[in-house]
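Secondary and tertiary structure notes
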2 protein chains.
Amino acid sequence: MAKVIAGTLAYTYGSAEVGTSPVSLKELEDLKVAVGFTAEDVQYLRKAGAVLESQTRQIVEHWRSGIIASIPNLARHSRTPAGEPIPKYLAQSNLRFEQWILDTCLRPYDQDWLNYQQEIALRHTSLKKNQADGVESTAYVPFRDIAAFVAVLNDTIKPYLGYGPASADEVDAMHRAWCRSLQLQIALWSRLYMDLAKAKNEW
Amino acid sequence: MAKVIAGTLAYTYGSAEVGTSPVSLKELEDLKVAVGFTAEDVQYLRKAGAVLESQTRQIVEHWRSGIIASIPNLARHSRTPAGEPIPKYLAQSNLRFEQWILDTCLRPYDQDWLNYQQEIALRHTSLKKNQADGVESTAYVPFRDIAAFVAVLNDTIKPYLGYGPASADEVDAMHRAWCRSLQLQIALWSRLYMDLAKAKNEW
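Cut-off values and rules
- Within each chain, residues carry numbers counting from 1 in the order of the written sequence.
- Here every chain gets a letter starting at A, and every ligand a number starting at 1, in the order they are written.
- Local features in this predicted model are restricted to residues whose pLDDT is 70 or higher, and side-chain atom pairs enter the listing and the counts only when it is 80 or higher, whereas totals over whole chains, interfaces and linings include all residues.
- Derived side-chain values reflect all non-hydrogen atoms in the structure, with water molecules and hydrogen atoms excluded from consideration.
- When the copies are overlaid, the least-squares fit takes in C-alpha atoms only where the residue has pLDDT of at least 70 in both copies.
- By definition, residues are in contact when any of their heavy atoms lie within 4.5 Å.
- A simple way to read buried area is as the amount of 1.4 Å-probe accessible surface that goes missing from two parts once joined, with both sides added.
- Just to be clear on terms, a salt bridge is a Lys or Arg side-chain nitrogen sitting within 4 Å of an Asp or Glu carboxyl oxygen.
- Whenever a nitrogen or oxygen atom comes within 3.5 Å of another N or O atom, the pair is scored as a polar contact, on the condition that within protein one atom can donate a hydrogen and the other can accept it, and that pairs from neighbouring residues in sequence are kept only if both atoms are in side chains.
- Going along the chain from the N terminus, every DSSP run of H or I of four or more residues is numbered as a helix, and every run of E of two or more is numbered as a strand.
- Gly falls in the polar group here, along with every residue not listed as nonpolar (Ala, Val, Leu, Ile, Met, Phe, Trp, Tyr, Cys, Pro) or charged (Asp, Glu, Lys, Arg).
- For the exposure calls, accessible area comes from a 1.4 Å probe over protein chains only, and a residue counts as buried if that area is under 20% of its type's maximum, exposed if over 50%, partly exposed in between.

**Thoughts on the relation of the copies chain A and chain B**
- Each copy superposes on the other: chain A lies on chain B with an RMSD of 0.0 Å after a rotation of 180 degrees and an axial shift of 0.0 Å. Put plainly, the chains are arranged around a two-fold axis. Rotation axis and chain A: the residue whose C-alpha lies nearest the axis is Lys198 of chain A, separated from it by 1.9 Å.

This is how it looks when you write it as structure tokens:
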């Protein structure tokens, strides 16, 4: 049973509210091969999850307050169109951000996971952003900024992976598995943005 | 003056044949901030270029023969629609692949670089794939496979960065700079695929 962080709202993983991903399990398998994701990575992600579990709050704080808050182009997505903070939105989406760390490490990458990847992507586009929390903020997060910020997520997670009993080699292996997973997720999310691009530009 | 590998065909960097990128220099600057790319990364990429310069052939061999060749879903993009090898295409695109390593490390990320990012993206889509070498192969490389394969490029480049005089910390810094650049490039390339998605799906 996967861990769910207490108090996380609008976290619908595995529920009937989540639609089916347009990506097939066969396409997911092909993508795993393309990123070099193996059964060993699954094991290292489990270990990473065990190390990160007690640190998710601190990590998301680091990303949000330590980095995103000082980049206006990114910070605006948690604020009103006028640039005012929306504390409720930040708090609720931070909890889901924490939960996403756990899901990345601990969930099996099966149909439910694939469906929730699509749900997460939807919540970054104009199709669903702001709805889960009933807020008014930017209409969407541009795909390019998500793709770009992956580099920051990858960089900054590494020290946290080292705060456990793992050797330096194991930390490297956990980090490789994490980076592969994020590249996989970016490839999956890009699908929705390209489907959307038929009608509008959210690059 | 940037180094150009002898014998590289259809390498039009900086020439009038290359169109202007639809991405502005301001958007590029914003993306640099989003990936965490700083002036220090530029310096580390220069150092990386110095270390990699004599190894580009071996690295591209590793990627092509050591990895891509054994993944049919990726290998097909250098082959005929019937799956036959096209040695000329492979040889010529390998040289450009080598040159891309050097350009990633050694070129200033200015308007010429931005324009050539768009040219490289074009050459992976149905708008321009196969044309530079006058071959018949797959019509395009799906965006998702490029985004995914970045994880492999990132993983496998690291040991090559270590074959120089740099300390382990410097190798880490060079590698971080490399990963940031690749995430930046993926974000840039996604623009063309989304523009294309208005008419066709090359996800």
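**With respect to the interface of chain A and chain B**
- On the side of chain B, 36 residues touch chain A, which itself brings 37 residues to the contact.
- Buried surface at the junction of chain A and chain B, both sides included, amounts to about 3,100 Å², of which 65% is carbon and sulfur.
- Among the residues chain A hides against chain B, the three largest losses belong to Gln183, Met194 and Trp203 of chain A. Together they make up 24% of the total.
- At the junction of chain A with chain B, the criterion picks out four salt bridges.
- Inspection of the region where chain A meets chain B yields eight residue pairs in polar contact (both at pLDDT 80 or more).
- Counting residues per element, the ones that place at least two in the side of chain A that touches chain B are α1 (25–35), α4 (72–75), α7 (143–161) and α8 (168–197) of chain A.
- In terms of residues, the side of chain A that touches chain B owes the most to one element, α8 of chain A, which gives twelve residues.
- Tallied by class, residues from the side of chain A that touches chain B come to 21 nonpolar, five polar and eleven charged.

**What about the pattern of salt bridges?**
- Scanning all chains against the criterion turns up 26 salt bridges over all chains.
- For the salt bridge of Arg180 of chain B with Asp155 of chain A, the shortest nitrogen-to-oxygen distance reads 2.5 Å. Linking Arg180 of chain B in helix α8 (residues 168–197) with Asp155 of chain A in helix α7, this pair reaches from one chain into another.
- By relative accessible area, which is 14% here, Arg180 of chain B ends up buried.
- One salt bridge connects Lys158 of chain A with Asp172 of chain A, and the closest N-O pair in it is separated by 2.8 Å. Here the residue Lys158 of chain A occupies a position in helix α7, and Asp172 of chain A occupies one in helix α8, the gap between them amounting to 14 residues.

The values reported here are purely geometric and, on their own, carry no functional implication.
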